[in-house]
Amino acid sequence: MSALRQAPAADGAAAPGASGIRIDTVTHAYRSPGRPPVIALDRISLDIGPTEFHALLGPSGCGKSTLLYLLGGFIPVQEGAITTPKGRVTAPGPERSIVFQNFALFPWKTVRENVLYGLRKSGVGREESEARARDFIALVHLTGFEDAYPSQLSGGMQQRAAIARTLAVDPKILLMDEPFGALDAQTRRVMQEELRAIWQRSPKTVVFVTHDVQEAVFLADRISIMSSRPGRIQHILDVPLPKERGEDTLESREFIQLSEHIWRLVREQAVAATRGRL
Amino acid sequence: MSAAGAQGRAAPAVPGSPRLFGILDAALRYSPLLVLVAIWEGLGLSGLVSRQMLPDLGTILSEFWRMLVGGDLLYNTARSLSRSFSGLALAILVGLAAGLAMATARPARLLINPVVQIFYPMPKSALIPVVMIWLGLGDASKVLLIFLGCLLPVVVGAYNGARGVNPFLIWSARSLGAGRFEVLREVIVPAAMPEILNGCRTALAFSFILMVSSEFLIASDGVGYMISSLGDGGIYPAMFAVIFFVAAIGFAADRIYTAIMRRQLRWRNA
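What counts, and at which threshold
Residues numbered from 1 in each chain as written. Chains lettered and ligands numbered in written order. Predicted model: local features only at pLDDT ≥ 70, side-chain atom pairs only at ≥ 80, totals over all residues. Core = buried A, V, L, I, M, F, W, Y, C linked by C-beta atoms within 7 Å. Buried ≥ 20, exposed ≤ 12 C-beta atoms within 10 Å, placed from the backbone. Contact = placed C-beta atoms within 7 Å. Pairing = 2+ DSSP bridges. Helix = DSSP H or I, 4+ residues; strand = E, 2+ residues; numbered from the N terminus. Axes fitted to C-alpha atoms, helices over the stretch in contact; angles between N-to-C directions. Parallel < 35°, antiparallel > 145°, perpendicular 65-115°, else oblique. Nonpolar A, V, L, I, M, F, W, Y, C, P; charged D, E, K, R; others polar.

Asks: Describe the nonpolar core, with residues and values.
Replies: If you look at the biggest cluster of nonpolar residues, it comprises 137 residues, and the most contacted ones within it are Ala164(A), Val154(B) and Val242(B). Each residue touching Ala164(A), except ones within four places of it in the same chain, is listed here: Val115(A), Phe136(A), Ile137(A), Leu139(A), Val140(A) and Leu142(A).

Written out as structure tokens, the structure reads:
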């Protein structure tokens, strides 16, 4: 199992400089006074290619969100190192934009103003920003709601607006923390297809945290399966599905078999975790 | 106009003029004041309380008109308001800076927090003799007193508001390319705005209280001075006229302030 942990990236990650993200033996513990530290991540090593769509899959509490926050630079790396082509990650930066699970829109800004915020920050001109904001709002099917405040939108609509805000700045590295968790099943499916299509049009590093096996298989090129307490990467699997994915992918034999295989691996982790807790 | 925007501003479907309805609604809301007027006049007429103590409202009104036309009232009101707004404006500037500094920098918090905690429950009018000794009888002493009284509600509002900001908003802004100062200006301040505006509203009320009470003791003009000197001279109808006028100004200031506040925070109750 530990041999799998060090598996090299499938595409273009051979030279460290070309790597999208290199995670090198990162350990992270949450400490609170008077209690033993909780090891959230235990010696995580992972190379993610510059144009790789990578899913972090695991039960809740396995530290996958913690790993994503470390990649974002939101919490400091305690042990080990995370490097991108821009150097070591020590703070948040616009080349690593993130979509959180929910409630991360600026509530005092309208949908349009939210999407414009990142564009203006990255130095895109006014007219160009307006045009791109329009395009990405249309992409997440929110046309007609440009001037609505987040409090006027449903949870799913808010989340789509947050996705538009992040995608609009076209980051080199896109971090996503269960971004579709709050969406209804149909919207979720549409957004998955859109995300995959966007990534294909403009390839970039995507790190996508989820606990949904089918979502991981449908979206990703590679999947890291994590275990909890302490959070470790137990398996890294390639997803040998065609690059172009759509409705028919879900019905393909490969998709179904791979999903079942991964489901069994995840189940082992979940069962082990439950036992550990009892 | 977007569909959601239109939904959010759903006006009550009332037949007839909405403006007329608004006026009627307000009249109805404040109608309990008529009970007070009735009690006032009733007590005066009954002879239970001397008319000296509760002059009839007609006399008060005519005294009000006399002082208004004579210019006395407006001059003193202008003097008072200039003091209270100077003190308030200063308190908002300094209080915002202090509250935000406390929320974002640990050294500032360690330095300022104990001072805030000790001075918060202290009645600021207790400082009137002190500022009089320090700054004499001029405007500076009143402005300082009002400033001190208004400072803490602003500090506490800014601090609590800024401390309570959802960290995901800050992280989002940072990952979209905002620097630390931009995060403060573009995320922390707007997110803290509801609490900041509430703190400033409390400060606005305090500024009126301290304005009047400081003018009782240390002033040669202003509405507080008018009230105390008319009272000392036994000219009660005129004194009541000034008291009611000050109350009306305070009420109007609060109404105007809450209207501005609602407008500023329309994203919240949209």
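Asks: Give a detailed account of the sheet that holds strand β3 (residues 53-57) of chain A, specifying residues and quantitative values.
Replies: Two pairing modes exist for strands in a sheet, parallel and antiparallel, and in both the strands are linked by backbone hydrogen bonds. Residues and elements named next belong to chain A. The sheet built from 6 strands is open, its strands ordered β6-β7-β8-β3-β9-β10 with mixed pairing. Lying at the two open borders of the sheet, with one neighbouring strand each, are β6 (96-99) and β10 (232-238). Taking the axes of each pair of neighbouring strands and ignoring which way they run, one obtains an average angle of 20 degrees across the sheet. Strand direction decides the pairing type here: β3 and strand β9 (residues 222-227), joined by 4 bridges, are parallel. Bridging from a neighbouring strand, His54 pairs with Arg222 of β9. Its contacts with the sheet place helix α5 (residues 155-168) against β6 and β7 (173-177), and it is angled at close to 170 degrees to β6.

Asks: A description of the packing of helix α4 (residues 57-70) of chain B against helix α5 (residues 72-104) of chain B should follow, citing residues and the corresponding values.
Replies: All names here are of chain B. Between α4 and α5, the shortest axis-to-axis distance is 4 Å and the interhelical angle comes to 75 degrees. Taken together, α4 and α5 sit at an angle that is classed as roughly perpendicular. Seen from α4, the contacting residues are Met67, Leu68 and Gly70; seen from α5, they are Asp72, Leu73 and Leu74.

Asks: Can you break down the pairing of β10(A) residue by residue, with the values?
Replies: Residue and element names in this part refer to chain A. Two elements, β9 and β10, share 6 bridges in a ladder whose sense is antiparallel. Its bridge partner lying in β10, Arg222 is registered against Asp238. Between β9 and β10, which pair antiparallel one after the other, the connecting turn spans 4 residues, and Arg229 there sits at a positive phi close to 45 degrees.

Asks: Outline the interface of chain B and chain A, supporting the account with residue identities and numerical values.
Replies: Facing 20 residues of chain B, the contacting portion of chain A comprises 27 residues. Listing elements by their share of the side of chain B that touches chain A, those giving two or more residues are α1 (3-8), α9 (167-175) and α13 (266-269) of chain B. The element best represented in the side of chain B that touches chain A is α9(B), accounting for 6 residues. Here the residues of the side of chain B that touches chain A sort into 10 nonpolar, 8 polar and 2 charged.

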